[in-house]
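# A structural walkthrough
Spelled out from the first residue to the last, the chains are:
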Amino acid sequence: MTDKLANTMWGGRFAAGPDSVMEAINASIGFDQRLASQDIKGSRAHAAMLGATGIICNKDMEIIREGLLTILSEIDSGTFPFSTVLEDIHMNVESRLKDLIGEPAGRLHTGRSRNDQVATDFKLWVRSQLDHAEEALISLIDAFLDQAEAGADWVMPGFTHLQTAQPITWGHHMMAYVEMFGRDLSRVRDARARMNESPLGAAALAGTSFPIDRHMTAEALGFDRPAANSLDAVSDRDFALDFLSTASICAMHLSRFAEELVIWSSAQFRFVTLSDRFSTGSSIMPQKKNPDAAELIRAKVGRIFGANVSLMIVMKGLPLAYSKDMQEDKEQVFDAADNWMLALAAMDGMIRDMTANRDSLSAAAASGFSTATDLADWLVRILNLPFREAHHVTGSLVAMAESFECDLSDLTLDQMKSVHGDITNKVFEVLGVKNSAASRTSYGGTAPSQVRAQVARWRKVLS
């Protein structure tokens, strides 16, 4: 039975069926059954075109299309008999179609090959994942906008080298991630637009002598146009690499914020409180509330990066056109997509549930001499000092404050004058963290007015 079935699929070239080891390494049905709905959608479009062009009769076309719907319902209900002997989703569907409708099933494969069929199925699946990613990113950006709007004027420390640098606003920090994920959104849309060409009808590699209408099938499947070169159409996996590259960059952004959440939710920082829904406890330490969702998002990057590298290596040395190596293109994409979507959803939930601890943020903003740059700027603007001299004077005052174990604003005017005699009492106006943040009104700056303007701009973009 096995030999007969395999020979039916492969034609008359082979006298015997495959060895069991060959069957195991060759079969992809264990994972490519995820392409079932795309395979049936592509086959129904192809059948409709064959009927419209007169390549097959309308009666056969209708029987084929109805039989494919029956198969889809079997797959959806979990009753479809998947077989590793039949290698892949395409042969499984075609074999079942023959069981259901008999001889007309053999006409479905006219004018196409498994090479263009799998490229079409896979591209349709990746396109659907890009659509899911677009929706998830829009929701994620909206969650950050809500946080930014609520805390547009809450001060917090801005960091470089994870050392206190200058006071910024909570809203400004949230908007930095809006910009990051906004770029991810644009990459998702770019990738979708670039990939939206149909391989169907490219056949094995050279096209076909049948009078097919590739524009008809492209339109039926929602593609902008048919791919212009049959050789490239069956060889191309750039769309999957685009997907993985986009996923990798976005996952890196998710990981960066996840790292900040891990730090910020610690007892040493207390910048944010994560909800119980996205935290776990300890089996031995009852006081613990662990940011496990953030840590797992941070770790997902490894799997997604790995998938990207894996497919690049699969494709890097392949001559045109199709090689069986390309069967190894799907599992890592499936895994990366699953983990990317999960990470996006988890991050969205954490951001919507988390509480920023305003008092802790404000107290931290005032520490670490965060207004030193404001002092230097004041010396330049009011005393007309060259910036390098102002930098030196400010550094001396920071050293003095350190020696007295106080902040810059706690130094007396006389102490400041001992470093530079022209300093006046007005210097204390720039040493408050709120004043510092509010003064940064340049476009894209941290001032609350700028944060609110950027929130409004992004609300308009997303609407």
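This one's a predicted model, so the numbers in the text were calculated from it and none came from an experiment.

Scoring rules and cut-offs
Position numbers for residues start from 1 in each chain and track the written sequence from start to end. It should be noted that, the model being predicted, local features are given only for residues of pLDDT at least 70 and side-chain atom pairs only at 80 or more, the latter also being counted only at that level, while totals for whole chains, interfaces and linings use all residues. Side-chain numbers come from the whole structure's heavy atoms, not from hydrogens or water. A run of H or I in DSSP counts as a helix once it spans at least four residues, and a run of E counts as a strand once it spans at least two, with each numbered from the N terminus. For a compact globule the rule gives 2.2 Å times the number of residues to the power 0.38, and the radius of gyration it is set against comes from C-alpha atoms. Residue burial is assigned from relative accessible area. The probe radius is 1.4 Å, only protein chains are included, and a residue is buried under 20% of its type maximum, exposed over 50%, and partly exposed in between. Contacts are residue-level and defined by heavy atoms, with any inter-residue pair within 4.5 Å sufficient. Using a 1.4 Å probe, accessible areas were evaluated by the Shrake-Rupley method; residue-level cover was limited to the displayed protein chains. Charge counting follows a simple rule: Lys and Arg are positive, Asp and Glu are negative, and His as well as the terminal groups are ignored. A charge is said to be at NZ when it belongs to Lys, at CZ for Arg, at CG for Asp and at CD for Glu. In this description, strands pair whenever DSSP reports at least two bridges between them. Expected helix span is taken as 1.5 Å per residue step, with the number of steps being one fewer than the number of residues. Salt bridges are identified by distance alone: a Lys or Arg side-chain nitrogen within 4 Å of an Asp or Glu carboxyl oxygen. Note on geometry: axes are lines fitted to C-alpha atoms, helical ones only across the stretch in contact, with angles between N-to-C directions running from 0 to 180 degrees. Working rule for angles: under 35 degrees goes down as roughly parallel, over 145 as roughly antiparallel, 65 to 115 as roughly perpendicular, anything else as oblique. Three residue categories are used. Nonpolar comprises Ala, Val, Leu, Ile, Met, Phe, Trp, Tyr, Cys and Pro, charged comprises Asp, Glu, Lys and Arg, and polar comprises the others, including Gly. Two N or O atoms count as a polar contact when they lie within 3.5 Å, although within protein this holds only if one can serve as hydrogen donor and the other as acceptor, and sequence-adjacent residues are included solely when both atoms are side-chain atoms. Buried residues of nine kinds, namely Ala, Val, Leu, Ile, Met, Phe, Trp, Tyr and Cys, make up a nonpolar core once their side-chain atoms join them within 4.5 Å. We call a crossing left-handed when the near helix sits turned anticlockwise from the far one by less than a right angle, and right-handed when that turn is clockwise. Known as pLDDT, the predictor's per-residue confidence is scaled from 0 to 100.

The next subject is the overall build of the protein chain. Per the secondary structure count, the protein chain includes 19 helices and six strands. The C-alpha atoms of the protein chain give 31 Å as radius of gyration, which overshoots the globular expectation for 463 residues (23 Å, by more than 25%). In terms of its C-alpha atoms, the protein chain occupies a principal-axis envelope of roughly 100 × 50 × 40 Å. A total of 463 residues make up the protein chain; the buried ones form 50% of that total. Partitioning the intrachain contacts of the protein chain with sequence separation of at least 6 by distance along the chain shows that 73% fall at a separation of at least 24. Accessible area for the protein chain stands at about 21500 Å²; split by element, carbon and sulfur atoms hold 53% of it. Distance between charge centroids for the protein chain: 2 Å, based on 45 positive and 59 negative side chains.

One ladder, built from six bridges, connects strand 1 (residues 155-160) with strand 2 (residues 163-169); its direction is antiparallel. Residue pairing in the sheet places P157 in a bridge with P167 of strand 2.

Before going further, it helps to examine helix 12 (residues 292-315). Along its 24 residues, helix 12 runs 35 Å from first to last C-alpha, staying within 8% of the 34 Å computed at 1.5 Å per residue. When helix 12 is considered as a whole, its buried residues turn out to be A293, A294, I297, K300, V301, I304, A307, N308, L311, V314 and M315. Here the buried face of helix 12 lies against helix 10 (230-235), helix 11 (238-264) and helix 13 (331-353).

Scanning the entire structure with this criterion turns up 29 salt bridges. For the salt bridge of R96 with E74, the shortest nitrogen-to-oxygen distance reads 2.7 Å. Linking R96 in helix 6 (residues 89-101) with E74 in helix 5 (residues 58-77), this pair joins segments that are 22 residues apart in sequence. You can call E74 buried: its relative accessible area is 12%. One salt bridge in this structure joins R194 and D242, with 2.8 Å as the shortest N-O distance. Of the two residues, R194 is situated in helix 8 (residues 170-195) and D242 in helix 11; the sequence distance between them amounts to 48 residues.

Our next topic: the packing of helix 4 (residues 36-52) against helix 5. Contact geometry of helix 4 with helix 5 gives a least axis separation of 9 Å together with a crossing angle of 170°. When the axes of helix 4 and helix 5 are compared, the pair comes out roughly antiparallel. Listed contacts from helix 5 to A36, S37, I40, S43, R44, A45, A47, A48 and G51 of helix 4 are N58, M61, I64, R65, L68, L69, I71, L72 and I75. Residues that form the contact of helix 4 with helix 5 fall into these classes: twelve nonpolar, four polar and two charged.

This paragraph deals with unusual backbone geometry. Of note, the bond from L320 into A321 is cis; its omega dihedral lies within 30 degrees of zero at 10°. One non-glycine residue, L162, adopts positive backbone phi at about 60°. Along the chain, L162 falls in the loop between strand 1 and strand 2. Residue L162 is classed as exposed on the basis of its relative accessible area of 54%. Phi angles above zero are rare outside glycine, and E405 is one such case at about 55°. Topologically, E405 is positioned in the loop between helix 16 (387-403) and helix 17 (413-417).

Below, the discussion takes up the side chain of Q117. If you trace the backbone, Q117 turns up in helix 7 (residues 114-150). Given a relative accessible area of 3%, Q117 falls into the buried group. A distance of 3.0 Å separates the side chain of Q117 from the side chain of D39, its partner in a polar contact. The contacts of Q117, once residues within four sequence positions are left out, are D39, S43, H90, H109 and R112.

Here we come to the nonpolar core. The biggest cluster of nonpolar side chains holds 99 residues, and the ones touching the most others in it are W170, L254, F257, L261, W264, W340 and M347. The element best represented in this core is helix 11, accounting for 15 residues. In contact with L254, other than residues within four places in its own chain, are L140, F181, I297, W340, A343, L344 and M347. Of all hydrophobic cores here, the second largest spans 21 residues; its members include A372, L383, V393 and V430.

Interaxial distance between helix 4 and helix 7 falls to 9 Å at its minimum, and their mutual angle equals 120°. Our classification of the angle between helix 4 and helix 7 gives oblique. As for the relative orientation of helix 4 and helix 7, their crossing is right-handed in sense. Together, Q38, D39 and S43 of helix 4 and Q117, D121, L124, W125 and S128 of helix 7 make up the contact between the two elements. Its residues placed into classes, the contact of helix 4 with helix 7 shows two nonpolar, four polar and two charged.

As for its placement among the helices and strands, P226 is situated in strand 4 (residues 225-226). Each C-alpha atom of the pair P226 and P199 lies 6.3 Å from the other, and the pair is 27 residues apart in sequence. Discounting chain neighbours no more than four positions away, the residues touching P226 are E197, S198, R214, H215 and A218.

Here L261 lies in helix 11. The buried category is assigned to L261, whose relative accessible area is 0%. The spacing of L261 and P291 is 30 residues in sequence and 7.7 Å in space, taken between C-alpha atoms.

You can see D88 is positioned in the loop between helix 5 and helix 6. The exposure class of D88 is buried, given its relative accessible area of 6%. There is a polar contact of 3.1 Å between the side chain of D88 and the backbone nitrogen of H90.

A few words on the confidence of the model for the protein chain. With 93% of its residues at a pLDDT of 70 or more, the protein chain has an overall mean of 91. Under a pLDDT of 50 for its full length, residues 1-6 has, in the predicted model, six contacts with residues more than four places off or in other chains.

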